[in-house]
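Coordinates in review
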Amino acid sequence: MEVSLYDKIGNEKLRKLIHDFYTEIKKDELMAPLYEGDFEGAEERLYLFMIQYLGGPTTYSEQRGHPALRRRHVPYPVVDDTIAHWLRNMQVALSKSEIEEEHQAFLWEYFQKTAEFLRNRP
Ligand code: HEM
């Protein structure tokens, strides 16, 4: 049986990462308003999405369907500023995590690539 990255990182560390990320987002004056007050819902969606992306249970798609991340981000400006803030908040969360360096590096690459892929305004 193949061991997924989700298994290697572990549910608890992933949950803490996403929770710490939203703790930063809430304090971020540029980012916080985008979430329209539903930080808890947003945290749950990103958490379930990451579990699925890393090869864990597919609860995200059972609840939300295909991730279609570009489509789901159309209402929000993914531009230089918001990309920089999103990534900085995630970097803070990663630095507080006890995720192994190797896995942190993988996640960081993934977040950078995905943020760029989601860019949706000139
Ligand atoms: C870079 C700038 C980004 C901005 C401004 C942004 C903003 C947002 C906002 C405002 C939401 C709605 C919150 C909600 O679910 O209620 C959202 C949802 C979401 N974002 Fe982002 N995001 C960014 C990057 C990313 C990246 C890099 C990822 C993936 C690693 C990501 C994954 C998600 C997911 C999975 C959802 C929930 C989709 C759903 O099921 O509705 N976002 N984002």
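The text that follows walks through the structure, step by step, so that each part is easy to find. (Residues numbered from 1 in each chain as written. Predicted model: local features only at pLDDT ≥ 70, side-chain atom pairs only at ≥ 80, totals over all residues.)

Concerning the overall build of the protein
Helix and strand counts for the protein come out as seven helices and zero strands. Listing each helix as α and each strand as β along the protein from the N terminus yields α-α-α-α-α-α-α. For the protein, the C-alpha radius of gyration of 14 Å lies close to 14 Å, the compact-globule estimate for 122 residues. Along the first, second and third principal axes, the C-alpha set of the protein runs to 45 × 30 × 25 Å. Split into buried and exposed, the 122 residues of the protein put 16% on the buried side. Contacts in the protein between residues at least 24 apart in sequence constitute 72% of all its contacts with a sequence separation of at least 6. (Helix = DSSP H or I, 4+ residues; strand = E, 2+ residues; numbered from the N terminus. Rg over C-alpha atoms; globule rule 2.2 N^0.38 Å. Buried ≥ 20, exposed ≤ 12 C-beta atoms within 10 Å, placed from the backbone. Contact = placed C-beta atoms within 7 Å.)

Observations concerning the site of the ligand
Every one of the 21 residues lining the ligand counts as a neighbour, but Ala42, Phe49, Thr82, Trp86 and Ala115 are closest to it. Contributions of two or more residues to the shell around the ligand are made by helix H3 (39-53), helix H5 (69-73), helix H6 (80-96) and helix H7 (101-118). In the shell around the ligand, the residues fall into 13 nonpolar, four polar and four charged. (Near = placed C-beta within 6 Å. Nonpolar A, V, L, I, M, F, W, Y, C, P; charged D, E, K, R; others polar.)

Some thoughts on the nonpolar core
Formed by 16 residues in total, the largest nonpolar core has its most connected members in Leu14, Leu17, Ile18, Phe21, Tyr47, Met50 and Ile51. Looking at this core, the elements that each hand over two or more residues are helix H2 (11-27), H3 and H6. Among the elements that line this core, the one with the most residues is H2, at six residues. Filtering out sequence-adjacent residues up to four positions away, Tyr47 remains in contact with Arg15 and Ile18. (Core = buried A, V, L, I, M, F, W, Y, C linked by C-beta atoms within 7 Å.)

Digging into the packing of H2 against H3
Following both chains from N to C, one finds H2 and H3 inclined at 145°, their axes separated by 10 Å at the closest point. Crossing hand, H2 versus H3: right-handed. Contacts between H2 and H3 involve Leu14, Arg15, Ile18, His19, Tyr22 and Lys26 from the former and Phe39, Ala42, Glu43, Leu46, Tyr47, Met50 and Ile51 from the latter. In terms of residue class, the contact of H2 with H3 is made up of nine nonpolar, one polar and three charged. (Axes fitted to C-alpha atoms, helices over the stretch in contact; angles between N-to-C directions. Left-handed = near helix turned anticlockwise from the far one by under 90°.)

Describing H6
Over its 17 residues, H6 runs 25 Å from end to end, which matches the ideal 24 Å to within 8%, given 1.5 Å per residue. All of the buried residues along H6 are Thr82, Trp86, Asn89, Met90 and Ala93. Projected down its long axis, H6 shows its buried positions confined to an angular sector of 95°, all on one face. Facing away from the buried side of H6 by more than 90 degrees, the exposed set consists of Asp80, Asp81, Ala84 and Ser95. In the core, the buried residues of H6 are packed alongside H2 and H7. (Expected span 1.5 Å × (residues − 1). Arc of directions from axis to C-beta.)

Quick notes on H3
Look at H3: 21 Å from first C-alpha to last across 15 residues, which is about the 21 Å you get at 1.5 Å a residue. Where H3 is concerned, the buried positions are Tyr47, Leu48, Met50 and Ile51. On an axial view of H3, the arc spanned by its buried residues comes to 160°, and they lie on one face. Those residues of H3 that are buried are in contact with helix H1 (5-9), H2 and helix H4 (59-64). Looking one or two residues beyond H3, the residue adopting positive phi is Gly55, at roughly 95°.

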